Structure formats: C-alpha cells, structure tokens
Amino acid sequence: MEAVVCKFGGSSVADAERIRNIQSVLQLDPRRRFVVVSAPGKGSKADKKITDLLYLCHELAEEELDIDEPFHLIRERYLEIARDLNVGLDVEKLLADLDGEIRQGATMDYVASRGEYLCARIMADFLGGQFVDAADYIIIDGEGFVVESSYRSLSAAVSGEGIYVIPGFYGTTPEGEVRTFSRGGSDITGAIVAR
C-alpha cells in the first residue's frame, strides 16, 4: 500500500483538542502513516509560539539572565497538552532536562529544535506510533543542503508498519550538532520524508 506523509504546522498542534483532530484525520485514511510536526503555535491570541519562547530562553541564557518566566510558559503548555491527552511519557523529565541544557549553554539551533522534538515525542506516545528523531537521520551540510545518504537512512528507519512521527525543522551537521532549517522548515522535513 502506498503511504502518505502528513505535515502538521504549529496551529494544528497548538493544544490537545487540535491534536485529537489530527488523530481523526489519520484514521480516515490508513495510508497516512508518516506524521511530521511543528512546535505548538498559538492556541489563542494570548498564547506565545513555543519556538519564539525557546529563542527567548536561549537569548536570555546567553546574556546570563533569568529564563524562568518564558520557560514556565513552555513547561505549562507542554504539561497541559500531555495531561489532556493522557500520555504516559515523562514530559516533566524531558522539560527539566531541557531547562538544564539551556542554562548550561546549549546552542541556539538545539534549543529551537526542542519545540518540534517535544511535540513529536508527545504525538508519538498519543498515537501509539514510533518516534523517529530527525537528528538521527537528516544530515545538513555546511551549505544547508541535505546530504544524499540521509534519504536512504531515513527510509530504512521508517520501513515497517504503523505510524511514524518525525519532528520537523531540524537535522544535524556531519559532526552531529543539531542544525535547524529556516523558520517554517518543518515543511522541508515533510518533503524529505516524502522523498
């Protein structure tokens, strides 16, 4: 059976209700087995985009300023989504790890990529799918191009049955450092998975 790649942007994963809608979309067509997600966007006008908050945390940490306020918003948003979806994943630990990594000087690209990473982890748990970290398969060279071998290794990683959830927006350098695409780069990841 041919497969379909579905890419869901920030507004589609902004809260638990919208993520449940994704589950419904996937169930309508069993070919929809490859799910690429962005970081949660705005669920309401009062919300902040998770990626914007992550960039702010990185900027504050670099200036040795307190990240507590923006990180609190990130933490509460993910915990609310995970709680509302009743996932078994230890999201609190993942967030605590990220807090420490930001404070210890993680790179801007790494910090920004965690929005998609955390969303994909939650989504995979909720859907009963397999999480496939883009950092393990998508290699981006010094000029910003995807290294050809990425397609073969990613294809091998998603060759089984069931649903695969892949975070958008990032890959790694040949040296293994997380590197993001430009904003909106989850679309690029969707195209890579489709190829």
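Here, the structure is the one placed above.
Residues numbered from 1 in each chain as written. Predicted model: local features only at pLDDT ≥ 70, side-chain atom pairs only at ≥ 80, totals over all residues. Heavy atoms only, no water.

### Some points on the overall build of the chain
Helix and strand counts for the chain stand at seven helices and six strands. Beginning at the N terminus, the succession of helices and strands in the chain can be written as β-α-β-α-α-α-α-β-α-β-β-β-α. For 195 residues, the compact-globule estimate of 2.2 N^0.38 gives 16 Å, and the chain sits close to it at 16 Å. The C-alpha extent of the chain, read off along each of the three principal axes, is 50 × 40 × 25 Å. Across the 195 residues that make up the chain, the buried fraction comes to 47%. Counted over contacts in the chain with a minimum sequence separation of 6, partners at least 24 positions apart contribute 71%. Carbon and sulfur atoms form 47% of the exposed surface of the chain, whose accessible area is close to 9700 Å². In the chain, 21 positive and 33 negative side-chain charges are present, and the distance between their average locations comes to 7 Å. (Helix = DSSP H or I, 4+ residues; strand = E, 2+ residues; numbered from the N terminus. Rg over C-alpha atoms; globule rule 2.2 N^0.38 Å. Buried < 20%, exposed > 50% of the residue type's maximum accessible area, 1.4 Å probe, protein only. Contact = heavy atoms within 4.5 Å. Areas by Shrake-Rupley, 256 points an atom, 1.4 Å probe, with all protein chains shown as cover. Lys, Arg positive; Asp, Glu negative; His and termini not counted. Charge placed at Lys NZ, Arg CZ, Asp CG, Glu CD.)

### What about the environment of Val-37?
With respect to the helices, strands and loops of the structure, Val-37 is situated in strand S2 (residues 32–37). Considered as a pair, Val-37 and Ala-157 are 120 residues apart in the sequence and their alpha carbons are 17 Å apart. In contact with Val-37, other than residues within four places in its own chain, are Phe-8, Val-13, Glu-116, Cys-119, Ala-120, Met-123, Ile-166, Pro-167, Gly-168 and Ser-186.

### Describing the layout of surface pockets
Using a probe with the size of a water molecule, rolled over the atoms, empty space left in the structure can be pinpointed. Taken as a whole, the largest pocket holds about 270 Å³ of empty space. Looking at side-chain class alone, the lining of the largest pocket contains four nonpolar, nine polar and five charged residues. Each pocket or cavity is described by its volume, and for the second largest pocket that value is around 180 Å³. Looking at the second largest pocket, the residues that line it are Ala-3, Val-4, Val-5, Phe-34, Tyr-151, Leu-154, Ser-155, Val-158, Ile-192, Val-193, Ala-194 and Arg-195. When grouped by side-chain class, the residues that make up the lining of the second largest pocket number ten nonpolar, one polar and one charged. (1 Å grid on protein atoms, 1.4 Å probe; cavity = no way out; pocket = protein on both sides within 12 Å on 5 of 7 lines; lining within 4 Å. Points joined across faces, edges and corners; volume = space filled by probe spheres on them. Nonpolar A, V, L, I, M, F, W, Y, C, P; charged D, E, K, R; others polar.)

### Brief notes about the packing of helix H1 (residues 16–27) against helix H5 (residues 108–127)
Interhelical geometry of H1 versus H5 gives an angle of 55° and a closest axis separation of 11 Å. Taken together, H1 and H5 sit at an angle that is classed as oblique. The handedness of the crossing between H1 and H5 comes out as right-handed. Taken together, the residues of H5 that come into contact with H1 (itself represented by Ile-19, Arg-20, Ile-22, Gln-23 and Leu-26) are Met-123, Phe-126 and Leu-127. (Axes fitted to C-alpha atoms, helices over the stretch in contact; angles between N-to-C directions. Parallel < 35°, antiparallel > 145°, perpendicular 65-115°, else oblique. Left-handed = near helix turned anticlockwise from the far one by under 90°.)

### Looking at the packing of aromatic side chains
The final tally for this structure, using the stated rule, is two aromatic pairs. Aromatic pair Phe-34 and Tyr-164: ring centres 5.7 Å apart, planes at 10°, arrangement stacked. Here the residue Phe-34 occupies a position in strand S2, and Tyr-164 occupies one in strand S4 (residues 164–167), the gap between them amounting to 130 residues. Relative to Phe-131, the ring of Tyr-117 lies with its centre 5.4 Å away and its plane at 90°, an arrangement referred to as edge-to-face. (Phe/Tyr/Trp six-rings, centres within 6.5 Å; stacked < 30°, edge-to-face > 60°.)

### Details of a positive patch on the surface
On the surface, Lys-42, Lys-45, Lys-48 and Lys-49 cluster together into a positively charged patch. Structurally, Lys-42 is set in the loop between S2 and helix H2 (50–62). The exposure class assigned to Lys-42 is partly exposed, which follows from its relative accessible area of 42%. (Patch = residues over 30% accessible without salt bridge, like charges linked within 9 Å, V, L, I, M, F, W, Y side chains within 5 Å. Salt bridge = Lys/Arg side-chain N within 4 Å of Asp/Glu carboxyl O.)

### Topic: unusual backbone geometry
Even without being glycine, Asn-86 reaches a positive phi, approximately 55°. The topology assignment puts Asn-86 in the loop between helix H3 (68–85) and helix H4 (91–103). One non-glycine residue with positive phi stands out, namely Phe-169, at about 85°. Following the sequence through the fold, Phe-169 ends up in the loop between S4 and strand S5 (170–172).

Any link to function would need more than the numbers given here.
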